[in-house]
Amino acid sequence: FIFLLMIENNILGIILAGGKSSRFGKDKSTAKLGDKTLLDHTINKIENEFNEILVISNNKEFNFKNNKIHVVEDCIEGQLGPLVGILTAMKWVKKNKKKYKWIASFPCDTPFFDTKIINELKIKVKETSKKLIFLNSNKKRHNIFGLWSLDLIEILEKDIKNNFRKVELWADKLGYENININSEKFDRFLNINTKNDLEEAKENLDKI
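Position labels on residues start from 1 in each chain and follow its written sequence. A pLDDT threshold of at least 70 governs which residues receive local features in this predicted model, and a stricter bar of 80 or more applies before side-chain atom pairs are shown or counted, although totals over entire chains, interfaces and linings include all residues. The basis for the side-chain values is all heavy atoms of the structure; hydrogens and waters are excluded.

Focus on the overall build of the chain
- Within the chain, the secondary structure is distributed over seven helices and nine strands.
- What the globule rule says is 2.2 Å times the number of residues to the power 0.38, and the radius of gyration is computed from C-alpha atoms. Rg of the C-alpha trace for the chain: 16 Å, near the compact-globule value of 17 Å for 208 residues, within the 12% margin.
- Dimensions of the chain along its principal axes, counting C-alpha atoms only, are 40 × 35 × 35 Å.
- Contacts: residue pairs with any heavy atoms within 4.5 Å of one another. When contacts within the chain are restricted to residue pairs at least 6 apart in sequence, those whose partners lie at least 24 apart make up 69%.
- As displayed, the chain has an accessible area near 11,000 Å², and 46% of this comes from carbon and sulfur atoms.
- Only four residue types enter the charge count, namely Lys and Arg as positive and Asp and Glu as negative; His and the chain termini do not. Where a charge lies is defined by one atom per residue type, namely NZ (Lys), CZ (Arg), CG (Asp) and CD (Glu). Charged side chains in the chain number 36 positive and 29 negative. The centres of these two groups are separated by 4 Å. Comment: elements are numbered from the N terminus, with helices defined as DSSP H or I runs of at least four residues and strands as E runs of at least two. Using the Shrake-Rupley algorithm and a 1.4 Å probe, accessible areas are obtained, with residue cover drawn only from the displayed protein chains.

What to know about the environment of Asp 74
- For Asp 74, the location among the structural elements is in the loop between β5 (69-72) and α3 (82-95).
- With relative accessibility at 14%, the residue Asp 74 sits in the buried group.
- On a C-alpha basis, the gap between Asp 74 and Leu 16 in space is 9.9 Å, while along the polypeptide they are 58 residues apart. Relative accessible area decides the class of each residue, using a 1.4 Å probe on protein chains only: under 20% of the type maximum gives buried, over 50% gives exposed, and in between gives partly exposed.

What to know about the pairing of strand β8 (residues 140-149)
- Most of β8 sits inside the fold, with eight of its ten residues counted as buried.
- As paired elements, strand β6 (residues 102-107) and β8 share four bridges and run antiparallel to each other. Within β8, the residue paired with Trp 102 across the bridge is Ser 149.
- When DSSP locates at least two bridges between a pair of strands, those strands are taken to pair. With antiparallel pairing between neighbouring strands as the criterion, strand β7 (residues 132-137) and β8 make up a hairpin whose turn holds two residues, including Asn 138 at a positive phi of roughly 50°.

Looking at the sheet that holds β6
- Strand order in the open sheet formed by seven strands is β5-β4-β1-β6-β8-β7-β9, with mixed pairing between adjacent strands. Here the strands that pair on one side only, and so sit at the sheet edges, are β5 and β9 (177-180). Going across the sheet, the axis of each strand differs from the next one's by a mean of 30°, ignoring polarity.
- In the sheet, β7 pairs with β9 via four bridges, with the strands oriented parallel. The residue bridging Ile 133 from the neighbouring strand is Glu 177, located in β9.
- Axis lines are fitted to C-alpha atoms, over the contacting stretch for helices. Their N-to-C directions set the angle, which ranges from 0 to 180 degrees. Lying over the sheet, helix α2 (residues 38-46) contacts β1 (11-16), β4 (53-56), β5 and β6, oriented at roughly 165° with respect to β1.

Description of the environment of Gly 34
- Mapped onto the elements, Gly 34 comes out in the loop between β2 (32-33) and β3 (36-37).
- Overall, the relative accessible area of 41% leaves Gly 34 in the partly exposed class.
- With 167 residues separating them along the chain, Gly 34 and Ala 201 place their C-alpha atoms 9.4 Å apart.

Quick look at the packing of aromatic side chains
- Only rings of Phe, Tyr and Trp enter the pairing, Trp through its six-membered ring, and a pair is recorded when the two centres are within 6.5 Å. The plane angle decides the type: under 30 degrees is stacked, over 60 is edge-to-face, the rest tilted. In total, this model carries ten aromatic pairs according to the counting rule given.
- Counting every residue linked through ring pairs, the aromatic cluster contains Phe 50, Phe 106, Phe 113, Phe 145 and Phe 189.
- In our convention, an over-ring charge means Lys NZ or Arg CZ found within 6 Å of a ring centre and within 35 degrees of that ring's normal. Of note, Lys 45 hangs over the ring of Phe 113, and the distance from its end group to the ring centre comes to 4.9 Å.
- Note that Arg 141 overlies the ring of Tyr 176, its terminal NZ or CZ placed 4.2 Å from the centroid.

Encoded structure:
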């Protein structure tokens, strides 16, 4: 327990909610699944696992009563993808003189993930020399569920300026570690990109 607490103090939890949601038709982070928004589902799953949580979003209407949750707009305008969200979080850490060494990222649109993965991420920090760690299931790498070392801030900012946009290409360039997750019959990494995905999620609400 003490070991995990030490790790926890080194990791900032962030939720990436700044995407265009072009296939969904509106800001999907505010879409309702049951009695909560997609963003609220993710917050509920991780809020007790981290000392602070950043929500990376350009939605100026967000206002959370929980004072450990901070909403931060992308540091580069134009909704340029998850890498900009990660850089935004890293810059927030530096600007506010926080002592976090790692960013743990979660998407706002994948509400069925098992919270056990959070401990696996925390433990992996001490077991690897890599600066990037991702979850893997069904031979698929989940590029938004990951850990990002603050040591990468300068190279990330430089590569974004050189038009790196895709997480998978950037990760392949740098090298990364995988955590393999046993897959269930129901895909806990169901990603809600469209209204049809949302309907499928509603049919499986009991699995959250």
